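Next come the chains, spelled out residue by residue.
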Amino acid sequence: MPTVDTRAAVQRLMRFLAIEGVTGQEAAIGRDIAACLEEIGVPARAIRLDDANTRIPLPTQTGNLIVDLPGRGALHNQPRLMFMTHMDTVPLCAGAGRRFRAAKSSTR
């Protein structure tokens, strides 16, 4: 079973939370997620945005970020897997990264 680097996961979460990305205003967080993916070795050619934002009635900055990764498992007989997540931050969490850091440092 793979292990999880909890510290790295929390650091990545805090990095993403520090970027405002409420619904419809997700271009900045999309750019940072793409940069993070490249930092961990995902080829830039595998990262793309769809045009969903052009097909919905609400004004939005960008479409969905999609990563196409090759793979069929070690025996080449497994179905491909897809990972998908939302990039937007609910308004309640906007700026949460800054507030969390401030609260954490004041408890030391």
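Just so you know, these numbers come straight off a predicted model, no measurement behind them.

Cut-offs and rules
- Residues numbered from 1 in each chain as written.
- Predicted model: local features only at pLDDT ≥ 70, side-chain atom pairs only at ≥ 80, totals over all residues.
- Heavy atoms only, no water.
- Helix = DSSP H or I, 4+ residues; strand = E, 2+ residues; numbered from the N terminus.
- Buried < 20%, exposed > 50% of the residue type's maximum accessible area, 1.4 Å probe, protein only.
- Areas by Shrake-Rupley, 256 points an atom, 1.4 Å probe, with all protein chains shown as cover.
- Contact = heavy atoms within 4.5 Å.
- pLDDT = per-residue confidence, 0-100.
- Expected span 1.5 Å × (residues − 1).

1. Things to note about the overall build of the chain
Okay, so step 1: Within the chain one finds 3 helices and 2 strands.
Okay, so step 2: The helix and strand sequence of the chain, counted from the amino end, reads α-α-β-β-α.
Okay, so step 3: When burial is assessed residue by residue, the chain has 22% of its 108 residues classed as buried.
Okay, so step 4: Roughly 8500 Å² of accessible area belongs to the chain as shown, and the carbon and sulfur atoms make up 60% of that amount.

2. Considering the side chain of Thr62
Okay, so step 1: Mapped onto the secondary structure, Thr62 falls in the loop between β1 (47-49) and β2 (65-67).
Okay, so step 2: Relative accessible area serves as the criterion here: at 12%, Thr62 is assigned to the buried category.
Okay, so step 3: Once residues within four sequence positions are removed from consideration, Thr62 is found in contact with Glu26, Ala27, Leu49, Asn53 and Met87.

3. Thoughts on the confidence of the model for the chain
Okay, so step 1: Overall, the prediction assigns the chain a mean pLDDT of 80, with 80% of residues at 70 or greater.
Okay, so step 2: Taken element by element, the predicted model of the chain shows its lowest mean pLDDT in helix α3 (residues 96-106) (56) and its highest in helix α2 (residues 27-39) (93).

4. What to know about α2
Okay, so step 1: With 13 residues, α2 extends 18 Å from end C-alpha to end C-alpha; this agrees with the ideal 18 Å at 1.5 Å per step.
Okay, so step 2: Of all the residues in α2, the buried ones are Ile29, Gly30, Asp32, Ile33, Ala34, Cys36 and Leu37.
Okay, so step 3: Looking at the buried positions of α2, the neighbouring elements they touch are α1 (6-17), β1 and β2.
Okay, so step 4: Following α2 by one or two positions, Gly41 has its phi on the positive side, about 105°.

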